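A structural walkthrough
If you want the building blocks of each chain, they are given just below.
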Amino acid sequence: MPPSFFAPRRRLLVLLAGALVAGCDAPPETADLQEVRDRLVGTWLREYAEDGFNVRRVLVLEADGHFREMSRITELGASQADHSHAGEWLFDGTNLKRRYTSVDGKLPAAPAMPYATFELKFRSHNEFTGIDNVRKREVEYRRVADGTLP
């Protein structure tokens, strides 16, 4: 076969190889990290009962790296307390890390620990488990509509 027969095929192979290389300019870990960060943005709900109290926490993770956390704690058959916190968040590839800059409208003070770190495991696109390896506990969050209150 004449060499001109292979020239268009060679050009096609070069173009395909170039497209494959261009599509690989970011390491897969970076793409996955950004995908998880994007997935975390939104409103998350955690509900649980503990030591005679019902707790409802709403965590809002914003795309700009800020968060709001609102909670309502109700003693069974008695009083209720509402709390509102804010700060900055990031996902490092394994952990959701939050640094509190406001606790009930005030700067955090000792002995309160103004950080929370949870290793994340996604059960589905709209549910995750956070593992607190310091306090040895797991927490469950599920995605809810924006504007949800505790």
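Quick note: structure is the one above.
Basis of the calculations
- Residues numbered from 1 in each chain as written.
- Predicted model: local features only at pLDDT ≥ 70, side-chain atom pairs only at ≥ 80, totals over all residues.
- Heavy atoms only, no water.
- Phe/Tyr/Trp six-rings, centres within 6.5 Å; stacked < 30°, edge-to-face > 60°.
- Helix = DSSP H or I, 4+ residues; strand = E, 2+ residues; numbered from the N terminus.
- Buried < 20%, exposed > 50% of the residue type's maximum accessible area, 1.4 Å probe, protein only.
- Lys NZ or Arg CZ within 6 Å of the ring centre and 35° of its normal.
- Pairing = 2+ DSSP bridges.

**Section: the packing of aromatic side chains**
Following the criterion strictly, the structure yields four aromatic pairs and no others. With a centroid separation of 5.1 Å and 85° between ring planes, the pair formed by phenylalanine 67 and tyrosine 100 is classed as edge-to-face. Note that phenylalanine 67 is positioned in strand E3 (residues 66–75) and tyrosine 100 in strand E5 (residues 95–103), a separation of 33 residues in sequence. On the basis of relative accessible area, tyrosine 100 is assigned to the buried category, the value being 11%. Aromatic ring contacts, followed pair by pair, group Trp44, Phe122, Phe128 and Tyr141 into a single cluster. Above the face of the phenylalanine 122 ring, arginine 39 is positioned so that its terminal group lies 4.3 Å from the ring centre. In this structure, arginine 98 packs its charged tip against the face of phenylalanine 67, placed 5.6 Å from the ring centre.

**Overview of the pairing of E3**
The pairing of strand E2 (residues 53–61) with E3 spans nine bridges and is antiparallel. Residue pairing for E3: valine 60 is matched across the bridge by arginine 68. Count of turn residues in the E2/E3 antiparallel hairpin: four residues, of which glycine 65 carries a positive phi of about 90°. Pairing analysis gives nine bridges linking E3 to strand E4 (residues 80–91), with the strands arranged antiparallel. When the sheet's bridge partners are listed, arginine 72 is paired in E4 with aspartate 82.

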